[in-house]
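Chain residues, written in single-letter form:
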Amino acid sequence: MSKEKLPGKVLATRMFVFACMVCFIAGTFLYMQNESDPLSRYPYGTTLQREELAARLDNEQINTMINNQLKPEQVLPYLDVEGFNLNNSLYYDTAASTQTADPAFIVQFVNTYRDQFTLDALRQVLSWMPYSNLIAYLESGVSMPLASNPNSFTYVLDPETTLYTWGPADLAAAEENISLRAQAASSWKQMKAAAAADGVELKAISGFVPYELQNKMTDYSSYPMAPYGSREEQLGLTLYLDGFDAWNQALSKGNGLDFNAANQALSDSQRQAWDWLKNHAAQYGWIFRYPEAKEQQTGVPFQPFVIRYVTKENAMAMASRKESLEEYDAGE
């Protein structure tokens, strides 16, 4: 006697019920497993780290940690800190990994200023600005945005941004009462000695100028100054040489830029220094910061007594291409 085949609808209904039962059983199993081990979906950490997280975080916090893919080392250092907020963990970790500080300080800093930074912006600014300077900037009410990382030897400081009170960490004496970044100071001494061997005196009159002293800088109409905290002298890579004042006093007298008159205002020794630099500066890593016929690119009239250290490799490349720093930086 042959078995009667079940109608298709009945088979489909039975398959559906069976599938629902399987899903229910699997869901129940996963729920029970999650209840017994809330970190079952968490792929990170050692056994000890996972045990500590399970013991100290509730299920909601663990879910937050899982959903944000937070690793134990991004959470555990801050669990005992007053004010710890799991939602800020990526900011805590970014700050700590970029610039070392006490966990309690980092928690307070991030909790206070998180809304003013994206993660990338926080990482970038802490790569060059100490916490103390950054907090002073944030509390100052200064509306000008912070500059990007100024540590590159070819960095061009945008006058629309600011370094605020930042200064290079590697300042060294270039001459008495004149500081530069260490590599620039060493190169200046070598170049000055080489010029002296050729019977030419190179005399620096100003180097690094901190934010706090920029109000004392001489302001010439022929040498427009950016706002305090936005001047390249703060980078510690720029030197004013003897002849700067005579040159700009002459240029500032008339309505136009009379470079011939400015040249006539110079002493013989100042002209000798200028001529020597034209032929030798690049060999020591120096350029004329505002070269002749590059006013459109730099925004500053030709300045033969403002030089900038960029390293020998960069200076030689710029000389061969006959580029200003702005052109080189943009092309690089």
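> If you had to explain the pattern of salt bridges to someone new, which residues and values would you point to?
Inspection of every chain in the model, using the stated rule, returns 12 salt bridges. Linking arginine 308 and glutamate 232 is a salt bridge whose minimum nitrogen-to-oxygen distance equals 2.8 Å. Of the two residues, arginine 308 is situated in strand 6 (residues 303-309) and glutamate 232 in the loop between strand 3 (204-206) and strand 4 (238-241); the sequence distance between them amounts to 76 residues. Given the relative accessible area of 0%, arginine 308 is considered buried. When the shortest N-O distance is used, the salt bridge between arginine 289 and glutamate 326 registers 2.7 Å. Of the two residues, arginine 289 is situated in strand 5 (residues 286-290) and glutamate 326 in helix 14 (residues 325-331); the sequence distance between them amounts to 37 residues. Across the pair, glutamate 326 and arginine 289 agree in class, each one buried.

> Run through the pairing of strand 5, naming residues and quoting values.
The buried fraction of strand 5 amounts to 5 of the 5 residues, a majority that puts the element mostly inside the structure. When strand 5 meets strand 6, the two strands line up antiparallel, connected through 4 bridges. Looking at strand 6, one finds that tyrosine 290 is bridged to glutamine 303.

> So what's going on with the environment of tyrosine 328? Residues and values would help.
By secondary structure assignment, the location of tyrosine 328 is in helix 14. Between the alpha carbons of tyrosine 328 and alanine 315 there is a distance of 9.8 Å; along the sequence they are 13 residues apart. What tyrosine 328 contacts, discounting residues up to four positions off in sequence, is Thr154, Asn314, Ala317, Met318, Arg321 and Glu323. A polar contact of 2.6 Å, which involves the side chain of tyrosine 328, links it to the side chain of asparagine 314.

> I'd love a proper account of the nonpolar core, names of residues and values included.
Membership of the largest hydrophobic core comes to 83 residues, with the highest contact counts inside it found for Leu134, Trp188 and Trp286. At 6 residues, the largest contribution of residues to this core is made by helix 8 (residues 182-197). If we skip the residues at most four places from it in the chain, tryptophan 188 touches Ala174, Glu175, Leu180, Leu202, Lys203, Ala204, Leu239, Leu241, Trp286 and Ile307. With 8 residues, the next largest nonpolar core counts Ile287, Ala315, Ala317 and Leu325 among its residues.

> Describe the packing of helix 4 (residues 89-98) against helix 5 (residues 103-113), listing the residues and the values that go with them.
Packing of helix 4 against helix 5 brings their axes to within 9 Å, and their N-to-C directions diverge by 120 degrees. What the angle tells us is that helix 4 and helix 5 run oblique. Helix 4 and helix 5 meet at a crossing whose hand is right-handed. For the pair helix 4 and helix 5, the contacting residues are Tyr91, Tyr92, Ala95 and Ala96 in the first and Ile106, Val107, Val110 and Asn111 in the second.

> Summarise the packing of aromatic side chains; cite the residues concerned and give the values.
Inspection of the entire model under this criterion finds 25 aromatic pairs. Arranged with centres 5.2 Å apart and planes meeting at 80 degrees, the rings of phenylalanine 109 and tyrosine 131 form a pair that is edge-to-face. With phenylalanine 109 in helix 5 and tyrosine 131 in helix 7 (residues 131-140), the pair connects residues that are 22 residues apart, well separated along the chain. Accessibility assignment for this pair places phenylalanine 109 and tyrosine 131 in one class, buried. On the numbers, 6.2 Å between centres and 70 degrees between planes, the contact of tryptophan 188 with tryptophan 286 is edge-to-face. Placement of tryptophan 188 in helix 8 and of tryptophan 286 in strand 5 is noted, with a sequence separation of 98 residues between them. Just as tryptophan 188 is buried, tryptophan 286 falls in that class too. By the ring-pair criterion, three or more aromatic residues cluster together here, those being Tyr220, Tyr223, Tyr240, Phe244 and Tyr290. Above the face of the phenylalanine 153 ring, arginine 181 is positioned so that its terminal group lies 4.5 Å from the ring centre.

> Let's hear about the environment of threonine 64: which residues, and what values?
The residue threonine 64 is located in helix 3 (residues 59-67) in this model. Between the C-alpha atoms of threonine 64 and leucine 86, which are 22 residues apart in sequence, the distance is 7.8 Å. Those residues in contact with threonine 64, other than ones at most four positions away along the chain, are Leu86 and Asn87.

> Describe the side chain of glutamine 99, listing the residues and the values that go with them.
Looking at where glutamine 99 falls in the secondary structure, it is placed in the loop between helix 4 and helix 5. Only 3.1 Å separates the side chain of glutamine 99 from the backbone nitrogen of tyrosine 131, close enough to count as a polar contact. If we skip the residues at most four places from it in the chain, glutamine 99 touches Leu126, Met129, Pro130 and Tyr131.

> Account for the packing of helix 4 against helix 6 (residues 119-126), with residues named and values stated.
At a minimum axis separation of 9 Å, helix 4 and helix 6 run at an interaxial angle of 20 degrees. Considered as vectors, helix 4 and helix 6 are oriented roughly parallel to each other. For the pair helix 4 and helix 6, the sense of crossing is right-handed. In contact with Leu90, Tyr91, Thr94, Ala95 and Thr98 of helix 4, helix 6 contributes Leu119, Leu122, Arg123 and Leu126. Among the residues making up the contact of helix 4 with helix 6, the classes are represented as 6 nonpolar, 2 polar and 1 charged.

> With reference to specific residues and values, describe helix 9 (residues 244-251).
The set of residues buried in helix 9 consists of Phe244, Trp247, Asn248, Ala250 and Leu251. Looking straight down helix 9, one finds its buried side chains confined to an arc of 160 degrees; they lie on one side. Buried residues belonging to helix 9 abut strand 3, strand 4, helix 10 (259-264), helix 11 (268-280) and strand 6.

Criteria and thresholds
- Residues numbered from 1 in each chain as written.
- Predicted model: local features only at pLDDT ≥ 70, side-chain atom pairs only at ≥ 80, totals over all residues.
- Heavy atoms only, no water.
- Salt bridge = Lys/Arg side-chain N within 4 Å of Asp/Glu carboxyl O.
- Helix = DSSP H or I, 4+ residues; strand = E, 2+ residues; numbered from the N terminus.
- Buried < 20%, exposed > 50% of the residue type's maximum accessible area, 1.4 Å probe, protein only.
- Pairing = 2+ DSSP bridges.
- Contact = heavy atoms within 4.5 Å.
- Polar contact = N/O pair within 3.5 Å; in protein donor to acceptor, adjacent residues only side chain to side chain.
- Core = buried A, V, L, I, M, F, W, Y, C linked by side-chain atoms within 4.5 Å.
- Axes fitted to C-alpha atoms, helices over the stretch in contact; angles between N-to-C directions.
- Parallel < 35°, antiparallel > 145°, perpendicular 65-115°, else oblique.
- Left-handed = near helix turned anticlockwise from the far one by under 90°.
- Phe/Tyr/Trp six-rings, centres within 6.5 Å; stacked < 30°, edge-to-face > 60°.
- Lys NZ or Arg CZ within 6 Å of the ring centre and 35° of its normal.
- Nonpolar A, V, L, I, M, F, W, Y, C, P; charged D, E, K, R; others polar.
- Arc of directions from axis to C-beta.

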